[in-house]
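Spelled out from the first residue to the last, the chains are:
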Amino acid sequence: MLTKRIIPCLDVKEGRVVKGIQFVQLRDAGDPVELARFYDEQGADELVFLDISASHEGRKTMVDVVQAVAAELAIPFTVGGGIHTLDDMKKLLRAGADKVSLNTAAVNRPELITEGAEFFGAQCMVVAVDAKYDQDCGTWVVYTHGGRVKTEWKVLEWVKEAVRRGAGEILLTSMDCDGEKKGFDIALTKAVSTAVTVPVIASGGAGGASHFSDIFLEGKADAALAASIFHYKETSVAEVKAYIKDKGVYVR
Amino acid sequence: MIAIIDYGMGNLFSVSKALERLGEPYLITNKKDEILLADGVIVPGVGAISDAMRLLNETGIADVLRDYAASGKPILGICLGMQLLFEASEENGGCRGLGLLPGTVVKIPGVTTQGEMYKVPHMGWNLLQLRRQSAILKDVEEGFAYFVHSYYVTTETDEIILADSLYDVCVPAVVGKNNVFGTQFHPEKSSMTGMKILENFTVLVSEGVSVK
């Protein structure tokens with residue numbers, strides 16, 4: 001049986017780790033390699049690096065960051081942000097990333113998922129989905145461009161399409177819960193996790209250890225991702241694991 | 001010196017960095033003479049087995065690996081690299097493998113015999129259950145390993161299964177016969193447990209074990 005995974009997420013801008021609260025405020029929280037080692041030692045099951053550099057130079061720096069992290073780490077990690085072409089994917093995967101995560105680019109051109117899956121295998125292809133509940137539609141809708149642009153896609157339709165095209169995993173962020181620290185979006189995560197045949201990583205809203213057991217036991221998530229609560233040491237990966245293990249969640 | 005086979009598929013960087021951490025010299029190569037001269041060979045790989053076999057056949061590396069295995073020097077296949085060691089695969093309509101180990105590669109069903117659906121790929125950390133003693137598992141304690149795959153090996157030759165993991169089906173996780181070894185998981189991504197297995201392989205390599 002697979003363990004449920006705890007995944008710290010590191011937002012990287014120009015080579016430094018930062019974290020956006022509701023995608024806006026930014027605070028500097030350290031060196032990517034240092035943090036990667038720290039989380040590995042704490043029992044993190046995987047890491048996600050999200051490149052939020054705006055500049056071309058910043059994105060080139062990300063390849064160096066990936067290489068430095070890969071040299072250090074004996075657990076898998078995913079890189080996302082600013083990936084638009086097969087060539088972008090090649091650079092990051094050859095630098096040592098295990099998976100790449102596509103967001104806006106996949107919505108703009110879904111063929112990109114297939115191209116990546118055919119070249120590297122579906123296991124390398126993560127599709128990140130920013131989801132927000134829409135009253136008019138009565139369901140969740142996909143947003144792109146870091147949550148700034150609303151698309152025509154309903155989340156449950158888009159994730160099925162993404163998997164059909166070769167996505168090996170879905171990284172699902174609830175924009176409604178992100179930054180609120182009141183817990184993950186259980187309804188959204190459960191709906192997506194039961195709609196697709198690939199693993200789903202729940203993201204957005206983690207504020208404490210009980211939120212993790214909730215999202216695994218009720219939300220049917222395969223993995224849960226969090227950033228600030230780990231970076232600012234409000235809790236630790238080890239603490240979360242001890243707590244959820246006690247609640248009956250199978251962890252490493 | 002370990003030769004990491006570069007046939008165009010696989011995360012060569014992670015494996016090579018893991019060997020660096022162990023202080024083990026290596027080269028990444030697709031050249032016949034370099035491969036045959038190496039003290040040990042690692043066959044990495046991700047992606048589709050049919051593509052991998054096509055590349056190995058086109059480049060002639062398939063025959064080089066068969067010769068290498070016959071020489072008795074240690075060879076380790078990782079993930080898809082392990083699946084390549086077997087006789088055949090049913091992936092994408094079927095293809096033949098290197099035939100160094102007895103068995104066939106088949107798809108993880110994705111549905112239990114009771115009709116309950118579960119997720120494929122088998123992606124994440126699963127418990128290694130140690131089944132048999134082997135130099136490759138020396139001092140390895142029962143622990144978790146990181147798997148990412150949609151196909152798994154079935155074999156009637158049970159004695160080659162050194163460790164396995166349960167994911168609805170029984171997934172052979174570490175296989176071995178004489179000098180030919182494979183891990184279905186990624187040892188280079190499996191924290192302490194994985195690094196210990198890689199270290200054991202480097203010991204086999206440095207001892208020049210020829211068990212054929």
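Refer to the structure printed above.
Reading the values: the criteria
- Residues numbered from 1 in each chain as written.
- Chains lettered and ligands numbered in written order.
- Predicted model: local features only at pLDDT ≥ 70, side-chain atom pairs only at ≥ 80, totals over all residues.
- Heavy atoms only, no water.
- Helix = DSSP H or I, 4+ residues; strand = E, 2+ residues; numbered from the N terminus.
- Rg over C-alpha atoms; globule rule 2.2 N^0.38 Å.
- Buried < 20%, exposed > 50% of the residue type's maximum accessible area, 1.4 Å probe, protein only.
- Contact = heavy atoms within 4.5 Å.
- Areas by Shrake-Rupley, 256 points an atom, 1.4 Å probe, with all protein chains shown as cover.
- Lys, Arg positive; Asp, Glu negative; His and termini not counted.
- Charge placed at Lys NZ, Arg CZ, Asp CG, Glu CD.
- Axes fitted to C-alpha atoms, helices over the stretch in contact; angles between N-to-C directions.
- Parallel < 35°, antiparallel > 145°, perpendicular 65-115°, else oblique.
- Buried area = accessible area lost by both parts, 1.4 Å probe.
- Salt bridge = Lys/Arg side-chain N within 4 Å of Asp/Glu carboxyl O.
- Left-handed = near helix turned anticlockwise from the far one by under 90°.
- Polar contact = N/O pair within 3.5 Å; in protein donor to acceptor, adjacent residues only side chain to side chain.
- Phe/Tyr/Trp six-rings, centres within 6.5 Å; stacked < 30°, edge-to-face > 60°.
- Lys NZ or Arg CZ within 6 Å of the ring centre and 35° of its normal.

Visitor: Help me understand the overall build of chain B, please; the structure alone is not making it clear to me.
Guide: Assigned secondary structure in chain B consists of 6 helices and 14 strands. A globule of 212 residues ought to have a C-alpha radius of gyration of about 17 Å, and chain B, at 16 Å, matches this closely. Projecting the C-alpha coordinates of chain B onto the three principal axes gives extents of approximately 50 × 40 × 30 Å. Taken over 212 residues, chain B has a buried fraction of 59%. Expressed as a percentage of contacts within chain B between residues at least 6 apart in sequence, the contacts between residues at least 24 apart total 69%. Counting only carbon and sulfur atoms, one obtains 49% of the accessible surface of chain B, whose full area is about 8300 Å². Each charge class in chain B was averaged separately, 17 positive and 25 negative side chains, and the resulting centres sit 2 Å apart.

Visitor: Just checking my understanding: could you explain the packing of helix α3 (residues 49-59) of chain B against helix α4 (residues 61-70) of chain B for this structure?
Guide: Each packed pair of helices is defined by two parameters, the angle between the axes and the distance between the axes. Residues and elements named next belong to chain B. The contact between α3 and α4 brings their axes to 5 Å, and the two run at 85°. Judged on the interaxial angle alone, α4 and α3 are roughly perpendicular. Listed contacts from α4 to M53, L56, N57 and T59 of α3 are I61, A62, L65 and R66.

Visitor: Just checking my understanding: could you explain the interface of chain B and chain A for this structure?
Guide: Interfaces are frequently sized by the accessible area removed from exposure as the parts join. With 27 residues of chain B in contact, the opposing surface of chain A contributes 39 residues. Across the interface of chain B and chain A, roughly 2400 Å² is buried in total on both sides, 57% from carbon and sulfur atoms. Among the residues chain B hides against chain A, the three largest losses belong to B:K119, B:M123 and B:W125. Together they make up 30% of the total. Ionic pairing is found between B:K119 and A:D222, a salt bridge with its closest N-O pair at 2.9 Å. Residue assignment for the side of chain B that touches chain A shows that the elements contributing at least two residues are α1 (12-21), β8 (122-127), β10 (144-149), β12 (161-167) and α6 (191-206) of chain B.

Visitor: What is the right way to look at the packing of helix α1 (residues 32-42) of chain A against helix α2 (residues 56-72) of chain A in this model?
Guide: All names here are of chain A. Between α1 and α2, the least distance of the axes is 9 Å, while the angle of their chain directions is 30°. Taken together, the axes of α1 and α2 are roughly parallel relative to one another. Both α1 and α2 take part in a crossing whose hand is right-handed. Together, P32, V33, A36 and R37 of α1 and V65, A68, V69 and E72 of α2 make up the contact between the two elements.

Visitor: Can you walk me through helix α7 (residues 186-195) of chain A in this structure?
Guide: Think of an α-helix as turning once every 3.6 residues; residues three or four places apart then point the same way. Residues and elements named next belong to chain A. Here α7 has its buried residues at L188, T189, A191, V192 and S193. Each element contacted by the buried residues of α7 is listed here: β7 (125-134), β8 (139-144), α6 (155-164), β10 (169-174), β11 (200-203) and α8 (209-217). Where α7 begins, one side-chain oxygen reaches toward the backbone nitrogen of L188, 3.2 Å away; that side chain belongs to D185.

Visitor: What is the right way to read the packing of aromatic side chains from this model?
Guide: The geometry of an aromatic ring pair comes down to the distance between the two centres and the angle between the two planes. For the structure shown, the criterion picks out 12 aromatic pairs over all chains. Seen in terms of ring centroids, B:Y118 and B:Y167 are 5.3 Å apart; in terms of plane orientation they differ by 90°. Their pairing is edge-to-face. Here the residue B:Y118 occupies a position in the loop between β7 (104-107) and β8, and B:Y167 occupies one in strand β12, the gap between them amounting to 49 residues. Accessibility classification places B:Y118 together with B:Y167 in one group, the buried group. One cation-aromatic arrangement involves A:K90 over A:F119; the distance from NZ or CZ to the ring centre is 4.5 Å. Looking at A:R252, its charged tip hangs above the ring of B:W125, at a distance of 3.7 Å from the centre.

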